[in-house]
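# Structure assessment
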Amino acid sequence: MADYTRLVEELRQLNPYERVGKDFYDQTGSPLRHGQYLYLAKHRLNPKLLSTMNSPSALREQGQIVAAFHERYGKTGLTESDFISPGCDIEVEQLLRYVEIPTHSHEFIECAFVLRGSCIHRIDESEVVQREGSFILVPVPVRHQLIALDDAVCLTVKIRLSLFSKMSVPHLPAMVYPLSFQCGQDPATESMLLFLYEQQQSQLPYRKELMESALTCLITYILQKYRDTMQPLYNIPIRDQQLLDMVNYMYDNYRTITLHSLAAHFHYNDSYLSRMFQEQAGRSFSATVKDFKLRKAAELLKTENWKLAQICEEIGYKDTRQFIRSFKEMFGMTPDKFRKRNQESLQQA
């Protein structure tokens with residue numbers, strides 16, 4: 001097994017943007033804002049701009065940059081064509097410290113592995129601390145935010161959806177929400193992840209093939225050894241373990257689950273369980289199941305050329321017209337338009 005001690009130490013060092021962010025944090029108590037980061041990136045971190053970053057003209061330009069960013073990615077999420085380099089199916093990068101990365105969704109699969117320290121992972125109103133050894137798989141089109149604390153060394157892996165759907169990972173759960181695994185201080189997991197990063201940095205021949213094989217091995221190994229630690233991360237704050245067990249059961253059986261079958265499985269009265277779910281989860285049983293189904297539908301619209309009736313059958317929707325209405329309420333567009341936008345994005349890649 002390769003010794004990556006030196007590489008980890010290199011990753012601990014702040015890069016130029018992080019150094020600016022740390023200076024800003026030391027002065028203001030806040031990380032570098034997203035607009036400021038985009039502004040500096042646009043001007044290639046020109047040192048002359050640092051002292052005038054809060055001037056009226058600079059603030060005006062930052063506002064324009066943020067507005068354009070939101071217009072481009074606010075509805076569809078971060079695109080593969082803009083956030084994964086041409087010719088690459090996998091891209092590894094370090095999660096920036098002292099720089100604000102706002103809540104977002106994306107058209108690609110994202111993995112994150114915390115090598116050192118801790119990160120905060122927000123999924124809507126839910127917040128989870130991901131500590132050393134945490135491995136997270138984030139599907140399309142979940143809105144989330146990863147925040148690297150100042151002691152964190154966290155690598156993220158962006159994977160084109162077309163590649164991920166072809167990866168032969170046995171028994172990988174259908175991802176509706178992010179999945180979290182706790183690998184602890186496992187040198188094998190860490191070495192495989194660092195191997196991916198090293199290959200990307202090397203620019204050697206066959207790195208693309210090696211990275212694809214290594215990523216498949218990494219995810220398969222985690223499923224083999226740490227599947228019992230797997231925890232879906234929901235966008236509802238759940239602190240009661242029994243209710244969490246119920247939601248996990250719903251997650252595994254969302255196609256056919258009913259309130260009655262859930263109550264029977266956990267030995268509850270239907271009406272009592274309904275009230276308990278609403279009070280403790282802050283949303284109804286039916287709203288949670290609906291959320292599971294529509295997120296899975298969005299994933300299928302991106303990966304499969306199925307008719308809507310077939311998608312409805314797959315996710316357990318009986319009424320196609322109701323499905324279209326529900327999908328539009330959640331994603332702001334019809335399923336056909338959602339699929340068309342994704343296809344256009346793939347053609348631009």
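The coordinates are above.
Below or above, wherever it landed, is the structure these notes cover. (Residues numbered from 1 in each chain as written. Predicted model: local features only at pLDDT ≥ 70, side-chain atom pairs only at ≥ 80, totals over all residues. Heavy atoms only, no water.)

### Quick look at the overall build of the protein
A count of helices and strands for the protein gives 16 helices and nine strands. Taking 20 Å as the expected radius of gyration for a compact globule of 349 residues, we find that the protein reaches 21 Å, a close match to that expectation. Each principal axis of the C-alpha distribution contributes one length, and for the protein these read about 65 × 50 × 40 Å. Out of the 349 residues belonging to the protein, those deemed buried represent 50%. Contacts in the protein between residues at least 24 apart in sequence constitute 73% of all its contacts with a sequence separation of at least 6. Looking at the protein as shown, the accessible area adds up to about 17600 Å², and 49% of this sits on carbon and sulfur atoms. Considering the protein, the positive charge centre built from 41 side chains and the negative charge centre built from 42 side chains are found 6 Å apart. (Helix = DSSP H or I, 4+ residues; strand = E, 2+ residues; numbered from the N terminus. Rg over C-alpha atoms; globule rule 2.2 N^0.38 Å. Buried < 20%, exposed > 50% of the residue type's maximum accessible area, 1.4 Å probe, protein only. Contact = heavy atoms within 4.5 Å. Areas by Shrake-Rupley, 256 points an atom, 1.4 Å probe, with all protein chains shown as cover. Lys, Arg positive; Asp, Glu negative; His and termini not counted. Charge placed at Lys NZ, Arg CZ, Asp CG, Glu CD.)

### What to know about the pattern of salt bridges
Across all of its chains, the model carries 18 salt bridges by this definition. Taking the shortest distance from any N to any O, the salt bridge between D89 and R160 comes out at 3.5 Å. Of the two residues, D89 sits in the loop between α6 (80-83) and β1 (90-94) while R160 sits in the loop between β7 (153-159) and α7 (161-166), which places them 71 residues apart along the sequence. Look at R160 and you get buried, because its relative accessible area is 9%. The closest approach of N and O atoms between K208 and D89, which form a salt bridge, is 3.6 Å. One end of the pair, K208, is in helix α9 (residues 207-226); the other, D89, is in the loop between α6 and β1, with 119 residues separating them in the sequence. When salt bridges that share partners are traced, they join E80, D89, R160 and K208 into one network. (Salt bridge = Lys/Arg side-chain N within 4 Å of Asp/Glu carboxyl O.)

### Some details on empty space enclosed by the protein
Counted according to the given criterion, the structure contains one cavity of 30 Å³ or more. As a volume, the largest cavity reaches approximately 40 Å³. What lines the largest cavity is simply F113, V114, L115, R116, E132, G133, G184, Q185, D186 and E190. At four residues, strand β2 (residues 109-116) tops the list of elements feeding residues into the lining of the largest cavity. (1 Å grid on protein atoms, 1.4 Å probe; cavity = no way out; pocket = protein on both sides within 12 Å on 5 of 7 lines; lining within 4 Å. Points joined across faces, edges and corners; volume = space filled by probe spheres on them.)

### Describing helix α12 (residues 270-281)
Between its terminal C-alpha atoms α12 stretches 16 Å, which fits the 16 Å expected from 12 residues at 1.5 Å a residue. In this fold, the buried residues of α12 make contact with α10 (241-252), α11 (259-265) and α13 (285-303). Two residues or fewer past α12, G282 is found with a positive phi of approximately 80°. (Expected span 1.5 Å × (residues − 1).)

### Some remarks on the environment of F277
Within the fold, F277 resides in helix α12. Looking at F277, the relative accessible area reads 0%, which means it is buried. Residues F277 and V247 lie 30 residues apart in sequence; the distance between their C-alpha atoms is 9.5 Å.

### Some details on helix α8 (residues 187-202)
A rise of 1.5 Å per residue sets the reference length of α8, with its 16 residues, at 22 Å; its end C-alpha atoms lie 22 Å apart and thus fit the reference within 8%. Against the buried residues of α8 lie α1 (5-12), β1, β2, β7 and α9. At the N-terminal boundary of α8, the capping side chain belongs to D186, with an oxygen 2.9 Å from the backbone nitrogen of A188. One or two residues past the end of α8 sits Q203, with phi positive at roughly 60°. (Polar contact = N/O pair within 3.5 Å; in protein donor to acceptor, adjacent residues only side chain to side chain.)

### Side note on the pairing of β1
Of all five residues in β1, four are buried; the element is thus mostly enclosed. One ladder, built from five bridges, connects β1 with β7; its direction is antiparallel. Along β7, the bridge assignment pairs E91 with K158. (Pairing = 2+ DSSP bridges.)

### Description of the sheet that holds strand β6 (residues 145-148)
Read across the sheet, three strands follow the order β4-β3-β6 without closing on themselves; strand pairing throughout is antiparallel. Of all the strands in the sheet, the pair left with one neighbour each is β4 (126-131) and β6. When the angles between neighbouring strand axes are averaged without regard to direction, this sheet yields 20°. Here strand β3 (residues 118-123) runs beside β6; their pairing, made up of four bridges, is antiparallel. If you follow C119 over to β6, its bridge partner there is A148. (Axes fitted to C-alpha atoms, helices over the stretch in contact; angles between N-to-C directions.)

### Regarding the nonpolar core
Residues F135, L137, L215, I219 and F292 are the most contacted members of the largest nonpolar core, which totals 61 residues. Element by element, the count of residues in this core is highest for α9, at nine residues. (Core = buried A, V, L, I, M, F, W, Y, C linked by side-chain atoms within 4.5 Å.)

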